[in-house]
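# Structural description and commentary
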Amino acid sequence: MFHVVDNGSTDDEVRRQAKRFGDTATLAELDKAPKLLREASFYYLAFFELDTERNHGQGVAKIPRSKIVEFAEDCDLNEDEKFELIYIIRQMDDAHTERLINRAAANAPNVS
């Protein structure tokens, strides 16, 4: 997930352009990019949809659980699927917010 967040899409057009211009560095990066399992694509897309539901007004905030439940209901997920979605989105969100916090700390000005 983070590779796509940091580097953008790894679609065929990017690869085609890199080959066209002989950009071996980009081709090497594309070859190292993780492949998203087909089964995981629903959760990947759900995460990015739910990411828009954050409250950005007070620093790094978690995706509200109520929005995950609402999303599950909109997708007509059964109870087991809903709880799985909540768990997976929470895991993804925890990793993402931790990464944002660490990045902000690393980029904070050194005030001494």
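Scoring rules and cut-offs
- Residues numbered from 1 in each chain as written.
- Predicted model: local features only at pLDDT ≥ 70, side-chain atom pairs only at ≥ 80, totals over all residues.
- Heavy atoms only, no water.
- Helix = DSSP H or I, 4+ residues; strand = E, 2+ residues; numbered from the N terminus.
- Buried < 20%, exposed > 50% of the residue type's maximum accessible area, 1.4 Å probe, protein only.
- Contact = heavy atoms within 4.5 Å.
- Areas by Shrake-Rupley, 256 points an atom, 1.4 Å probe, with all protein chains shown as cover.
- Polar contact = N/O pair within 3.5 Å; in protein donor to acceptor, adjacent residues only side chain to side chain.
- Phe/Tyr/Trp six-rings, centres within 6.5 Å; stacked < 30°, edge-to-face > 60°.
- Lys NZ or Arg CZ within 6 Å of the ring centre and 35° of its normal.

Looking only at helices and strands, one finds six helices and zero strands in the chain. Counting from the amino terminus, the chain carries its helices and strands in the arrangement α-α-α-α-α-α. Looking at the chain as a whole, 22% of its 112 residues qualify as buried. Restricting to contacts in the chain with at least 6 residues of sequence separation, those with at least 24 account for 56%. Element-wise, carbon and sulfur atoms account for 52% of the exposed surface of the chain, whose accessible area totals about 8,100 Å².

The subject of this paragraph is the side chain of D93. Inspection of the secondary structure assignment puts D93 in helix α6 (residues 79-107). Since its relative accessible area comes to 0%, D93 is described here as buried. At 2.5 Å, the side chain of D93 forms a polar contact with the side chain of R54. Dropping the residues within four chain positions of it, D93 is found in contact with F47, R54, K62 and I63.

Take the packing of aromatic side chains next. Summed over the entire model, instances satisfying the criterion amount to four aromatic pairs. Considering the side-chain rings of F42 and Y43, the 5.4 Å spacing of their centres and the 75° angle between planes classify their relative orientation as edge-to-face. Exposure remark for F42: the relative accessible area of 31% places this residue in the partly exposed category. Centre to centre, the rings of F47 and F48 are 5.6 Å apart; their planes meet at 80°, and the pair counts as edge-to-face. Among the aromatic side chains, those forming a connected cluster through ring pairs are F42, Y43 and F71. The ring of F83 has K82 lying over it, and the distance from NZ or CZ to the ring centre is 5.9 Å.

Purely geometric stuff here, so don't read any function into it on its own.
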